[in-house]
Amino acid sequence: MFDRLVVRKLGATSLLVVVAGTVLAGDPPAASPRREVVAIIDGKEVPPPAIEMGDSETIAAILDEGKNRNQVIDHLAHLTKKIGSRLTGSQRLITANHWCRDQYVRWGLSNAHVEQWGDVATGFDRGSSVGKLLLVREKKNDDNSVTVEHDKLRDLEFSTLSWTKGTDGPVRGKVVREPQTDADFEAVKDQLDGTWVLVKAANPIGQRGVRRRLADFAQMRSEARKKLADGAAPESLTMQEKVAVAAVAGFISTTRDERVWTGGVNGWRERKIEDYPSDLSISVRSSDYDAINSRLADGEPLEIEFDLKHTLTPGPVPVYNTIAEIPGTTWPDEVVIVSAHLDSWDGVGSEGCTDNGTGSATTLEAARILMAVGAKPKRTIRFVNWSGEEQGLLGSARYVEMHKDDLPKISAVFVDDGGTNYDGGLNVPKAMMDMIAAATAPINNVFYDEVDGKYLNCDLKTIEERMPPNGGSDHASFNRVGVPGFYWSETGRADYGYGWHTQHDKLDLAIPNYLAQSATCAAVTAYNLACAPTLVPRPPAEEKKSE
């Protein structure tokens with residue numbers, strides 16, 4: 001096994017990352033035949049289309065550097081362990097933007113800079129966050145006095161919405177179940193001050209449903225408070241609104257899953273710091289919720305303690321894309337873009353590894369490989385670390401607006417945003433297939449994986465005449481305006497959903513051989529397209545239907 005990482009700290013500032021069990025790129029069994037360069041289209045190996053690409057010596061050097069001296073895990077370790085999760089509008093993301101720029105400068109790329117595409121009204125940085133379930137025990141002393149002690153039953157795995165206030169130190173309180181009727185509310189209303197309200201578990205609705213429900217619940221509480229401030233009689237509120245405005249410590253709900261997902265509050269980008277309420281809403285994993293609920297049913301005296309170090313910073317807080325280039329020697333104004341989003345969600349425990357530290361690291365490593373081998377592309381290769389992707393492709397969409405005059409000369413945009421699996425293919429319109437097949441062919445039958453027992457190849461899938469204008473990552477921002485945007489299809493044994501926006505998204509999910517293949521694939525594909533005789537063909541514009 002080689003997909004286990006050992007991370008050791010060396011001094012105060014460096015990390016040593018050891019891939020346990022094998023060399024990074026794996027070699028095939030000794031009896032394997034000599035490698036032949038092939039393209040793979042719809043699952044079939046075929047000769048590469050006869051299109052002039054980059055020179056063979058540079059391609060060989062790219063493959064050698066990528067396979068034998070790959071540094072992708074070093075970049076990923078810094079992003080996850082030294083910087084951590086990177087929420088849009090956070091100081092950690094700003095640090096990451098500048099760190100990426102500094103790496104590009106160190107490797108000798110041109111025009112390395114951070115480009116501001118907007119700002120956020122209030123910055124948010126999540127610090128240490130701890131939750132505990134406690135059993136209250138009274139101990140009688142020799143003098144007949146009573147000492148109250150708290151035994152920790154378990155540490156809780158949880159998250160809160162981003163852009164919310166935390167606690168001013170540990171907040172401990174009893175637990176009561178959320179009232180379901182007016183009679184229930186009347187029975188507990190005098191006990192609510194300072195308590196944690198256990199919200200009734202809703203039906204499982206998946207990640208987006210959980211995040212939307214938390215945001216909507218926070219919005220409902222704000223609106224209930226506004227009703228009272230505007231003069232509404234307390235008795236006119238619904239039962240749920242009455243609970244929402246009570247002086248409770250906070251609300252505890254569950255994802256109905258062992259994964260805890262993180263999202264943001266409604267209106268996060270425009271909301272000013274003085275408009276953020278102090279109420280707390282916490283989502284715990286299913287097993288923690290069940291433990292709380294079961295012990296409440298047994299009548300055990302419970303308390304819960306949360307210590308949430310959240311920092312809200314008055315804005316405007318700038319948000320950036322990081323950009324650097326290898327200038328083209330023949331057509332410098334024509335561009336191939338290699339990219340990934342640098343931002344992540346910032347849930348408790350997350351390091352922003354597979355979404356999308358991995359894509360960020362492969363983008364960086366593709367740039368380093370090309371500079372290390374002295375590649376001289378005929379077109380400019382531009383590397384971009386987007387931000388604001390998690391909130392709706394914001395950074396890439398603004399890039400398209402800010403650089404609209406340059407769009408006709410962008411040959412293609414590649415986005416790596418699928419986790420720690422390898423670059424296993426692309427969806428390619430028929431008109432573009434020959435050029436993309438020729439560009440990707442050199443990566444095939446190079447990276448052999450001992451666990452999978454096969455080469456990590458790039459299988460191109462034929463689609464209809466044009467790229468779809470929708471999609472869940474930054475390539476969609478370009479496809480909407482007719483620029484070919486490609487999203488690498490991630491293939492392999494990793495379970496992307498386990499880490500996606502959850503507490504599990506840590507460095508130990510990374511599979512080094514997969515990421516080495518991805519970085520090398522991105523490098524050789526971009527270099528080839530930058531040396532091709534033409535831009536990637538665009539399909540003819542759709543004719544407007546007559547009214």
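Note on numbering: residues in each chain are counted from 1, in written sequence order. Side-chain atom pairs in this predicted model are given and counted only at pLDDT of 80 or more, local residue features only at pLDDT of at least 70, and totals for whole chains, interfaces and linings cover all residues. Just so you know, side-chain values use all the structure's heavy atoms and leave hydrogens and water out.

A few points about the overall build of the protein chain
Here a helix means four or more residues in a row that DSSP labels H or I, a strand means two or more in a row labelled E, and each is numbered from the N terminus. Helices and strands together make up the secondary structure of the protein chain, namely 13 helices and 22 strands. Computed over its C-alpha atoms, the radius of gyration of the protein chain comes to 27 Å, within 12% of the 24 Å expected for a compact globule of 547 residues. Principal axes of the C-alpha set define a box for the protein chain whose edges measure 90 × 65 × 40 Å. The rule is simple: take the accessible area with a 1.4 Å probe, protein chains only, and divide by the maximum for that residue type; under 20% is buried, over 50% is exposed, in between is partly exposed. The 547 residues of the protein chain split such that 55% are buried. Contacts in the protein chain between residues at least 24 apart in sequence constitute 82% of all its contacts with a sequence separation of at least 6. Calculation of accessible area relied on Shrake-Rupley with a 1.4 Å probe; when residues are assessed, cover is drawn exclusively from the protein chains displayed. By element, 49% of the accessible surface of the protein chain is carried by carbon and sulfur atoms, the whole surface being about 23,100 Å². Both definitions apply: the radius of gyration is a C-alpha atom measure, and the globule rule equals 2.2 Å times residues to the power 0.38. Throughout, a contact is declared for two residues whenever any of their heavy atoms are within 4.5 Å.

Observations regarding the sheet that holds strand S17 (residues 425-429)
Here the rule is simple: two strands pair whenever DSSP picks up at least two bridges between them. Ordered by their spatial adjacency, four strands build an open sheet running S4-S3-S20-S17, and the pairing between neighbours is mixed. Only two strands of the sheet have a single partner each, and these edge strands are strand S4 (44-46) and S17. On average, each strand axis in the sheet is inclined to that of its neighbour by 35 degrees, with strand direction left out of account. In terms of strand pairing, strand S3 (residues 39-41) meets strand S20 (residues 459-463) through two bridges, oriented parallel. The partner of Ile41 across the bridge, within S20, is Leu460. The axes used here are C-alpha line fits, helices contributing only the stretch in contact, and every angle between their N-to-C directions lies in the interval 0 to 180 degrees. The strands touched by helix H10 (residues 433-440) within the sheet are S3, S17 and S20, with S20 carrying the most contacts at an inclination of about 175 degrees.

Examining the pattern of salt bridges
We define a salt bridge as a side-chain nitrogen of Lys or Arg found within 4 Å of a carboxyl oxygen belonging to Asp or Glu. Considering all chains together, one arrives at 31 salt bridges under this definition. Arg285 is paired through a salt bridge with Asp288; the nearest N and O atoms lie 2.9 Å apart. We classify Arg285 as buried; its relative accessible area is 15%. Salt bridges sharing partners connect three or more residues here, namely Asp64, Glu65, Arg69, Glu365 and Arg368.

Looking at helix H7 (residues 286-297)
Helix length check: H7, at 12 residues, gives a terminal C-alpha distance of 16 Å against a target of 16 Å (1.5 Å per residue), a fit within 8%. Listing the buried residues of H7 in full gives Ser286, Asp288, Tyr289, Ala291, Ile292 and Leu296. Downstream of H7 by a residue or two, Gly299 has a phi angle that is positive, lying close to 75 degrees. How far a helix is expected to stretch is found by multiplying one less than its residue total by 1.5 Å.

What about the packing of aromatic side chains?
In this analysis, rings of Phe, Tyr and Trp, with Trp reduced to its six-membered ring, are considered paired at centre separations within 6.5 Å, and the interplanar angle assigns stacked below 30 degrees, edge-to-face beyond 60, and tilted for intermediate values. Summed over all chains, the structure comprises 14 aromatic pairs. Judged by centre distance (5.3 Å) and plane angle (75 degrees), the ring pair of Trp386 and Tyr399 falls under edge-to-face. Placement of the pair is Trp386 in strand S14 (residues 379-386) and Tyr399 in helix H9 (residues 394-402), with a sequence separation of 13 residues. For Tyr399, a relative accessible area of 1% corresponds to the buried category.

A look at the packing of helix H2 (residues 72-83) against helix H8 (residues 353-372)
Put simply, H2 and H8 touch, their axes get as near as 8 Å, and they point 135 degrees apart. As far as their axial angle goes, H8 and H2 are oblique. Considering the relative orientation of H2 and H8, their crossing is right-handed. Across from Val72, His75, Leu76, Leu79 and Thr80 in H2, the residues of H8 making contact are Cys353, Gly357, Thr358, Ser360, Ala361, Thr362, Leu364, Glu365 and Arg368. Within the contact of H2 with H8, the residues separate by chemical class into six nonpolar, six polar and two charged. Oblique is the label for any angle not under 35 degrees, not over 145, and not in the 65 to 115 range, which are roughly parallel, roughly antiparallel and roughly perpendicular in turn. Two helices crossing with the near one rotated counterclockwise from the far one by less than a right angle form a left-handed crossing, whereas a clockwise rotation gives a right-handed crossing. Here the nonpolar group is Ala, Val, Leu, Ile, Met, Phe, Trp, Tyr, Cys and Pro; Asp, Glu, Lys and Arg are the charged ones; every other residue, Gly included, is treated as polar.

With respect to unusual backbone geometry
Here Gly315 and Pro316 are connected by a cis peptide whose omega angle stands at 5 degrees. Mapped onto the fold, Pro316 is located in strand S12 (residues 302-326). Its identity as a non-glycine residue notwithstanding, Arg256 has a phi of 60 degrees, on the positive side. Residue placement: Arg256 occurs in the loop between strand S10 (250-254) and strand S11 (281-284). Exposure remark for Arg256: the relative accessible area of 37% places this residue in the partly exposed category. Positive phi, close to 60 degrees, is recorded for His501, a residue that is not glycine. Relative to the assigned elements, His501 resides in the loop between helix H12 (496-499) and helix H13 (512-531).

Observations regarding the nonpolar core
Side-chain atoms within 4.5 Å are what join buried Ala, Val, Leu, Ile, Met, Phe, Trp, Tyr and Cys residues into a set we call a nonpolar core. In terms of nonpolar packing, the biggest core is built from 65 residues, with Tyr104, Leu370, Phe383, Phe414, Ile436 and Phe486 touching the most fellow members. At 11 residues, H13 tops the list of elements feeding residues into this core. If near-sequence neighbours (up to four positions away) are discounted, Tyr104 is found in contact with Leu109, Ala112, Thr322, Ala324, Thr363, Leu364, Ala367, Phe383 and Asn385. Listed in part, the 22 residues of the second largest apolar core include Val175, Ala291, Ile304 and Leu308.

Observations concerning the confidence of the model for the protein chain
What pLDDT conveys is the predictor's confidence in a given residue, as a value from 0 to 100. For the protein chain, per-residue confidence averages 91 on the pLDDT scale, and residues scoring 70 or more make up 92% of the total. This model gives residues 1-24 a pLDDT under 50, and the stretch forms 56 contacts once residues within four places in sequence are excluded. Confidence drops under a pLDDT of 50 for residues 543-547, and excluding neighbours within four residues, the segment shows zero contacts in the predicted structure.

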